[in-house]
Number of protein chains: 2
Amino acid sequence: MNFPTDLEIASEAKIQHIKHIAEKIGIDHDDLEYYGKYKAKIPLSYIDEEKIKKAKLILVTAINPTPAGEGKTTVSVGLSDGLNKIGKKAIAVLREPSLGPVFGMKGGAAGGGYAQVIPMVDINLHFTGDFAAIEKANNLLSALIDNNLQNKKHNLNIDPRTITWKRVMDMNDRSLRQIVIGLGGSNNGIAREEGFNITPASEVMAILCIAKDFEDLRERLGNIFVGYTFDKKPVYARDLKAEGAMAILLRDAIKPNLVQTLEGNPAILHGGPFANIAQGTNTIIATKTGLSLADFVVTEAGFGADLGAEKFFHIKCHYGKLKPDAFVLVATIRALRYHGGATKKGEFDKPNLQFVKNGIDNLKKHIENAFKFGLRPIVAINHFANDAEEEIQFVKDECEKLGVKAIIADEFLHGGAGMTELAAEVARCAFECGNDFQPLYKVTESVEHKLETVAREVYGADNVVYSQKAKNQLKTIYDLNLDKLPVCMAKTQKSLTDDETKIGRPSNFKITVREFEFAAGAGFIIPILGDMMRMPGLPNVPAAEGMSIDKNGVITGLS
Amino acid sequence: MNFPTDLEIASEAKIQHIKHIAEKIGIDHDDLEYYGKYKAKIPLSYIDEEKIKKAKLILVTAINPTPAGEGKTTVSVGLSDGLNKIGKKAIAVLREPSLGPVFGMKGGAAGGGYAQVIPMVDINLHFTGDFAAIEKANNLLSALIDNNLQNKKHNLNIDPRTITWKRVMDMNDRSLRQIVIGLGGSNNGIAREEGFNITPASEVMAILCIAKDFEDLRERLGNIFVGYTFDKKPVYARDLKAEGAMAILLRDAIKPNLVQTLEGNPAILHGGPFANIAQGTNTIIATKTGLSLADFVVTEAGFGADLGAEKFFHIKCHYGKLKPDAFVLVATIRALRYHGGATKKGEFDKPNLQFVKNGIDNLKKHIENAFKFGLRPIVAINHFANDAEEEIQFVKDECEKLGVKAIIADEFLHGGAGMTELAAEVARCAFECGNDFQPLYKVTESVEHKLETVAREVYGADNVVYSQKAKNQLKTIYDLNLDKLPVCMAKTQKSLTDDETKIGRPSNFKITVREFEFAAGAGFIIPILGDMMRMPGLPNVPAAEGMSIDKNGVITGLS
């Protein structure tokens with residue numbers, strides 16, 4: 001018998017009306033805004049700064065992943081279920097998945113196995129419309145820009161060649177990456193180069209996830225940089241008077257979404273920015289809502305700890321005035337094999353102690369990094385059937401030498417019941433490990449200092465090199481007075497370096513900044529260390545081809 | 001004191017929880033899918049063919065409108081309130097408005113004055129996400145087409161020059177009308193010409209509005225024509241295996257949306273296809289749901305009766321197996337002045353009996369047309385402050401000569417209370433007028449016969465002329481065996497002819513078919529009689545610039 005698919009498990013779950021979930025965390029039925037029976041938005045009035053101070057924030061991150069990922073979301077959902085199982089009041093606070101990749105090849109982004117958030121199909125499709133609203137706000141700004149170019153009487157003198165703001169669509173659609181718009185004569189706008197990014201790559205998404213309240217959201221929308229005038233003056237969204245209408249489009253999207261885990265525990269999903277060119281973590285509003293409603297919030301940051309956790313600390317904690325109380329580092333035996341040289345297909349799925357021994361340094365580097373931020377990590381070994389006992393024991397022993405506990409996470413097969421040991425340790429450590437989070441840099445320092453600190457301390461690089469293009473763009477950042485923002489590194493997640501083929505714990509390397517971008521509204525500078533995909537494509541045989549729905553609404557082929 | 005804006009009236013209304021509205025029409029609370037407190041989706045299981053046979057369907061249409069429109073939606077909402085006021089169980093079943101134009105210059109599309117559906121802001125923004133879902137389904141098909149072109153192993157040999165399927169976005173964005181996609185090298189798709197239409201112009205919208213159930217929806221999606229292969233074979237969405245995933249995206253959008261009027265009466269808003277290149281009327285599913293839940297359903301068709309009502313009869317009634325029981329023809333004194341020669345700005349807003357006398361023939365032609373369909377019309381004079389008593393009396397007298405009652409509709413200022421006389425007459429006539437609807441043509445007849453019947457009988461044309469291009473395209477329609485579909489005329493709404501400057505009741509004219517298109521999925525042939533706008537632009541000063549929202553969510557500038 002095959003293990004059931006995520007969709008099969010999710011479809012068979014006994015899902016509860018969301019009002020019962022809300023009840024568990026003290027939300028009045030009447031305050032919820034329902035989206036059907038199993039999803040609801042929570043009003044912002046539930047954010048309570050006093051409660052936030054008392055609650056514990058648990059960050060789940062990972063070592064550098066194999067191409068298949070390490071299962072951070074699955075561990076996060078399972079850990080929250082585990083905490084509830086041992087009698088703690090915990091909420092998983094996570095990102096919303098993007099719709100585009102669902103029709104390509106990826107599995108659902110709502111956990112997996114017996115550690116999922118449900119209703120799975122809704123979450124993977126339109127959910128509560130947040131992405132659609134973000135897309136609309138983004139594209140309204142684009143329409144206002146092109147309308148301004150078209151307009152002879154009432155224009156800002158924008159040079160169309162300098163426009164950096166792009167349209168977005170939540171679809172894997174490579175043919176929209178590079179396009180020319182405004183063709184067909186004088187009624188159809190001004191011809192110019194343009195491109196679509198996928199919606200999670202929109203700065204509007206990054207802004208929604210950083211905004212602390214509605215006014216902050218509107219102000220950040222107004223701060224979006226659009227391009228330059230012909231006389232080289234910067235143009236912002238506020239110059240187009242775009243931010244009011246954009247904010248109106250986001251008036252519901254700003255409210256966090258309540259759903260449940262397979263075990264009927266509360267989960268909040270809200271926002272889903274890219275983890276490469278943006279911060280890769282759910283909204284600050286959702287995290288604060290979770291901390292206001294529970295004693296423990298389990299959250300995650302996209303990609304490995306070198307990217308996700310670093311940005312979580314320097315961007316999200318900075319803007320949200322948040323401090324993590326526990327740090328869970330997810331590792332898989334197969335990823336350690338991979339870092340130890342098992343890079344060929346299939347090779348990392350077979351027990352091999354030598355590979356694990358070779359690869360353990362990747363994990364050790366991430367453990368060291370956690371200590372640099374003032375946090376004692378707990379290693380969660382996300383369990384796979386082909387993990388050998390001696391491999392697991394080796395990892396546990398190595399962690400112990402560093403004063404760190406490594407605990408099996410068995411959420412995929414057993415849900416919260418497979419997570420009680422880890423949950424107990426996390427709950428203990430949040431109080432007793434003496435964690436005292438400190439960022440590695442101050443935002444007031446120079447851009448170079450900030451990014452070099454990350455490169456040296458987190459990646460282990462010797463130094464940072466700047467291309468001529470990057471140097472010019474850095475000057476622009478200083479000219480626009482945007483240098484006092486945190487940096488949001490755009491780097492491969494597969495390696496501690498900027499070269500995805502360098503596995504393990506590389507040393508004696510430099511980092512090259514090819515370009516700089518900036519998100520003036522969201523509030524960060526983006527050093528680009530490689531090619532960043534912002535619009536995926538569909539594979540040869542898209543998942544969409546295998547999807548169907550019968551007359552009773554039963555869906556097949558969605559994974 | 002100024003009369004309050006629609007937004008002010010809507011904001012001050014005492015809105016009820018939607019469960020109380022549902023209760024009035026016998027919907028169990030538990031069956032509703034709530035979208036917040038004031039909107040809900042009704043499951044398809046409420047459609048009851050036995051009840052549909054007993055309920056009365058009232059079509060509200062209009063004479064050829066002035067540029068400002070005749071207020072069909074306002075009259076429809078007011079008439080439903082009026083019917084409820086006189087003790088009848090009535091529901092207004094209407095279209096959902098498009099989001100794009102909200103940021104341009106138009107007013108809200110949810111009625112006006114004291115005859116509105118609420119929550120007004122929600123309805124004019126994302127509402128329940130139906131348009132976003134339609135947009136996504138449309139654009140998934142586009143992504144699958146371009147992915148197929150890109151694909152070397154697994155492709156349908158589609159000739160990119162023949163692709164007629166376009167992407168859509170619910171935004172007034174002229175610079176997307178004509179674009180080139182797939183630029184930037186071999187990773188970015190195949191370069192080809194493309195364009196975006198606004199979402200209501202999507203055939204997916206037309207299909208949603210024609211589908212009788214979920215299976216029918218999926219089958220129609222599969223029938224969408226995409227283009228040709230290099231060896232001239234037609235390619236349909238089903239050849240791309242697109243219809244399953246598209247249907248999945250529409251699984252919630254297919255359910256009708258329940259809202260309320262300002263007076264707390266139920267209203268169903270569902271679907272909003274273009275009235276030029278599509279059928280311009282809400283979903284068949286919504287109409288049938290309304291007829292299953294009330295004794296009277298008041299619905300409308302886009303544009304004047306020559307376009308909207310004709311398509312309602314020949315397309316919607318055909319596919320939905322519906323028969324209207326009453327026919328309300330909305331006229332305004334100012335439109336009659338316009339048809340009588342008051343075509344200059346401001347001129348039709350001043351009393352002038354002579355203009356009305358000159359213009360009455362437009363109304364008379366629409367009255368005659370109603371009789372041709374087997375229906376005795378009731379004329380609703382949508383009242384404006386500058387209507388003179390003698391103008392109104394003249395219209396009443398002229399109608400009486402034709403055996404037709406003309407009654408003042410005063411819904412804008414007085415809501416249902418201003419509509420009781422009209423409501424009483426409509427309720428009486430639905431039973432007693434002997435209405436027996438008959439279409440003017442059978443779909444099994446030739447394309448030429450069908451469209452010439454409409455041109456002669458409805459427009460009053462002498463004959464129909466075909467361009468060479470249209471002749472070629474007509475041959476294609478026969479080749480593809482699509483000739484047995486109803487015709488969906490794409491013509492200006494401002495005139496009974498295909499020339500918008502010809503006001504009144506023109507005679508001795510011919511109709512020119514410039515092109516043919518077809519909607520193989522929705523199921524109609526589209527004779528194009530003029531330039532059809534499918535992607536509006538924003539005006540010099542877009543309404544978006546004046547919009548704002550404060551920290552409490554209070555919106556201003558949305559009209």
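What counts as what
Residues numbered from 1 in each chain as written. Chains lettered and ligands numbered in written order. Predicted model: local features only at pLDDT ≥ 70, side-chain atom pairs only at ≥ 80, totals over all residues. Heavy atoms only, no water. Contact = heavy atoms within 4.5 Å. Buried area = accessible area lost by both parts, 1.4 Å probe. Salt bridge = Lys/Arg side-chain N within 4 Å of Asp/Glu carboxyl O. Helix = DSSP H or I, 4+ residues; strand = E, 2+ residues; numbered from the N terminus. Buried < 20%, exposed > 50% of the residue type's maximum accessible area, 1.4 Å probe, protein only. Pairing = 2+ DSSP bridges. Least-squares fit on C-alpha atoms with pLDDT ≥ 70 in both. Axes fitted to C-alpha atoms, helices over the stretch in contact; angles between N-to-C directions. Left-handed = near helix turned anticlockwise from the far one by under 90°. Nonpolar A, V, L, I, M, F, W, Y, C, P; charged D, E, K, R; others polar. Domains from an automatic or database assignment. Polar contact = N/O pair within 3.5 Å; in protein donor to acceptor, adjacent residues only side chain to side chain. UniProt positions renumbered as here; feature names shortened; annotations may be inferred. Disulfide = S-S within 2.5 Å. Patch = residues over 30% accessible without salt bridge, like charges linked within 9 Å, V, L, I, M, F, W, Y side chains within 5 Å. Areas by Shrake-Rupley, 256 points an atom, 1.4 Å probe, with all protein chains shown as cover.

Draft legend 1. Spatial organisation of the interface of chain B and chain A. Across the boundary between the two partners, chain B contributes 74 residues, which contact 74 residues of chain A. For the pairing of chain B and chain A, the buried interface totals around 6400 Å² over both sides, and the portion due to carbon and sulfur atoms is 60%. Three residues stand out in chain B for area buried against chain A, namely Lys 136, Ile 248 and Ile 549 of chain B, and they jointly supply 10% of the buried area on that side. At the boundary of chain B with chain A, the tally comes to six salt bridges. One salt bridge connects Glu 135 of chain A with Lys 136 of chain B, and the closest N-O pair in it is separated by 3.1 Å. Counting residues per element, the ones that place at least two in the side of chain B that touches chain A are β1 (33–34), α5 (120–124), α6 (130–150), β8 (179–181), α8 (214–222), α9 (243–249), β23 (548–549) and β24 (555–556) of chain B. No other element matches α6 of chain B, which puts eleven residues into the side of chain B that touches chain A.

Draft legend 2. How the structure looks around the pairing of strand β14 (residues 266–269) of chain B. Residue and element names in this part refer to chain B. Of the two faces of β14, the one carrying Pro 266 and Ile 268 and the one carrying Ala 267 and Leu 269 are both buried. Sheet analysis places strand β4 (residues 90–94) next to β14, joined by three bridges and oriented parallel. Of the residues in β14, the one forming a bridge with Ala 92 is Ala 267. The pairing of strand β13 (residues 257–261) with β14 spans four bridges and is antiparallel. Bridging across to β14, Asn 257 finds its partner in Leu 269.

Draft legend 3. Quick peek at the relation of the copies chain B and chain A. With an RMSD of 0.0 Å, chain B superimposes on chain A once it is rotated by 180° and translated 0.0 Å along the axis. Put plainly, the chains are arranged around a two-fold axis. Within chain B, the C-alpha atom positioned nearest to the axis of rotation is that of Tyr 35 of chain B, 2.2 Å from it.

Draft legend 4. Main features of the packing of helix α13 (residues 353–372) of chain A against helix α14 (residues 389–401) of chain A. Residue and element names in this part refer to chain A. For the pair α13 and α14, the least separation of the axes is 10 Å and the interaxial angle reads 35°. The two elements α13 and α14 meet at a crossing, and its hand is right-handed. Here α13 contributes Leu 353, Val 356, Lys 357, Ile 360, Leu 363, Lys 364 and Ile 367 to the contact with α14, which in turn contributes Glu 390, Glu 391, Phe 394, Val 395, Glu 398 and Cys 399. The residue inventory of the contact of α13 with α14, partitioned by class, reads eight nonpolar, no polar and five charged.

Draft legend 5. Quick look at the domain arrangement of chain A. Residues and elements named next belong to chain A. Once the domains are mapped, chain A shows domain 1 (6–128 + 253–432), domain 2 (130–249) and domain 3 (447–529). Look at where the C-alpha atoms of domain 2 and domain 3 centre, and you get two points 25 Å apart. Contact residues are listed per partner, giving eleven residues for domain 2 and nine residues for domain 3. Our enumeration of links across domain 2 and domain 3 arrives at zero salt bridges. Taken together, domain 2 and domain 3 are joined by five residue pairs in polar contact (both at pLDDT 80 or more). Within the residue set of the side of domain 2 that touches domain 3, elements represented by two or more residues are α7 (203–210), β11 (225–228) and β12 (234–236).

Draft legend 6. View of the UniProt feature "binding site: ATP" (unreviewed entry) in chain A. According to UniProt, the "binding site: ATP" (unreviewed entry) feature falls on Thr 66, Pro 67, Ala 68, Gly 69, Glu 70, Gly 71, Lys 72 and Thr 73 of chain A. Note that Glu 70 of chain A resides in the loop between β3 (56–62) and α4 (72–85).

Draft legend 7. The arrangement of the state of the cysteines in detail. All names here are of chain A. Tallying each qualifying case throughout the model produces two disulfides over all chains. One disulfide bridge connects Cys 429 with Cys 433, the sulfur atoms lying 2.0 Å from each other. When the S-S torsion is -120°, as for the bridge of Cys 429 with Cys 433, the disulfide is left-handed. One exposure class covers both Cys 429 and Cys 433, and it is buried. Lacking any disulfide linkage, Cys 317 is separated from the closest cysteine sulfur, that of Cys 488, by 14 Å.

Draft legend 8. Just a nonpolar patch on the surface, in detail. On the surface, Phe 3, Tyr 114, Phe 412 and Leu 413 of chain A cluster together to form a nonpolar patch covering roughly 350 Å² of accessible area. Along the chain, Phe 412 of chain A turns up in helix α15 (residues 411–414).

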